[in-house]
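Understanding the architecture of this molecule
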Amino acid sequence: MKHFIMFGPPGAGKGTQAAMLVDKFNLRHVSTGDLLRGEIKRETELGLKAKKLIEAGSLVPDEVVEGMIKNEIASHPEVKGFIFDGFPRTLEQAAALDGILAERGEEISGVISIIIDDEMVKARIRHRAEIEDRKDDMDEATVANRIKTYHDKTEPIIDYYKKAGKYNGIDGVGSIDDIFNRICGIIEKL
Ligand code: ADP
């Protein structure tokens, strides 16, 4: 089993790249953002709580997303591995993921971090707001809070994976295909 994490700030292109990698490497894509948006659409209790937090640009509680991930992993025994997208987003989630995989005798093979700066994050999200109907992309204050949350809570994960020897950073500026080729170059070696 090989499991990968697509890491990076909001709007870096994690979801786009993960979807392309699924086809090439026969992995299953798990996006906590997509799972949460599914809950919102179905108007579940969890969805109603998550909606407020997402639209404020805050994170959903760790135990909620950890539960979703546990569930996803347990319900897909047939896959060769997972690509986690948008998870982990806190140190606590990173440790929980290691624990969930360790119970199965597995581990993360590598973290691929798509690096773009804050100005590009804003530009990408502005562009996405025109083509996708995501409330959290439309409001400037929400986007600013997502960027702040990324720096405060998510970025510290980089060191966690660097210490584990699992961190691979790539330049996120370029065409979708350029970035895909950079990522494939890393995954093929892991
Ligand atoms: P993006 O990468 O563009 O920020 P996502 O679809 O990954 O978008 O996430 C959208 C929102 O869903 C986040 O801003 C956050 O509120 C919530 N969310 C997604 N994944 C997590 C997570 N692992 N932990 C906590 N909240 C999450």
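One can find the structure itself at the top, above this paragraph.
Conventions we followed
Residues numbered from 1 in each chain as written. Predicted model: local features only at pLDDT ≥ 70, side-chain atom pairs only at ≥ 80, totals over all residues. Heavy atoms only, no water. Axes fitted to C-alpha atoms, helices over the stretch in contact; angles between N-to-C directions. Helix = DSSP H or I, 4+ residues; strand = E, 2+ residues; numbered from the N terminus. Parallel < 35°, antiparallel > 145°, perpendicular 65-115°, else oblique. Left-handed = near helix turned anticlockwise from the far one by under 90°. Contact = heavy atoms within 4.5 Å. Nonpolar A, V, L, I, M, F, W, Y, C, P; charged D, E, K, R; others polar. Near = heavy atom within 4 Å. Polar contact = N/O pair within 3.5 Å; in protein donor to acceptor, adjacent residues only side chain to side chain. 1 Å grid on protein atoms, 1.4 Å probe; cavity = no way out; pocket = protein on both sides within 12 Å on 5 of 7 lines; lining within 4 Å. Sits in = over half its atoms within 2 Å of the grid points. Pairing = 2+ DSSP bridges.

To continue, consider the packing of helix α2 (residues 32-41) against helix α3 (residues 45-56). Relative placement of two packed helices is described by the angle separating their axes and the distance separating the axes. Running from N to C, α2 and α3 point in directions that differ by 120 degrees, and their axes come no closer than 7 Å. Compared by their axis directions, α2 and α3 come out oblique. You can see that α2 and α3 cross each other, and the crossing is left-handed. The residues of α3 that touch α2, namely those facing Leu36, Glu39 and Ile40, are Leu46, Gly47, Ala50, Lys51 and Ile54. Its residues assigned to classes, the contact of α2 with α3 comprises five nonpolar, one polar and two charged.

The subject of this paragraph is the site of the ligand. Around the ligand, a shell composed of 20 residues is seen, among which Thr32, Arg37, Ser58, Arg89 and Arg128 lie nearest. Taking serine 58, its main chain carries an N or O atom lying 2.6 Å from an oxygen atom of the ligand. One of the side-chain nitrogen or oxygen atoms of arginine 128 is found 2.8 Å away from an oxygen atom of the ligand. The pocket occupied by the ligand, as judged from atoms lying within 2 Å of grid points, is the largest pocket. Top element by residues in the shell around the ligand is α2. It accounts for four residues. Looking at the shell around the ligand, its residues break down into seven nonpolar, six polar and seven charged.

A few words on the sheet that holds strand β3 (residues 82-85). Spatially, the five strands line up as an open sheet ordered β2-β3-β1-β4-β5, and their pairing is parallel. Bordering the open sheet on either side are β2 (28-31) and β5 (167-171), each of which pairs with just one other strand. In this sheet, adjacent strand axes meet at a mean angle of 20 degrees when their direction is disregarded. Sheet topology places β2 next to β3; four bridges connect them, and they run parallel. From the neighbouring strand, arginine 28 faces β3, where its bridge partner is phenylalanine 82. Lying on the sheet, helix α1 (residues 14-25) is in contact with β1 (3-7), β2, β3 and β4 (108-115); it crosses β3 at an angle near 170 degrees.

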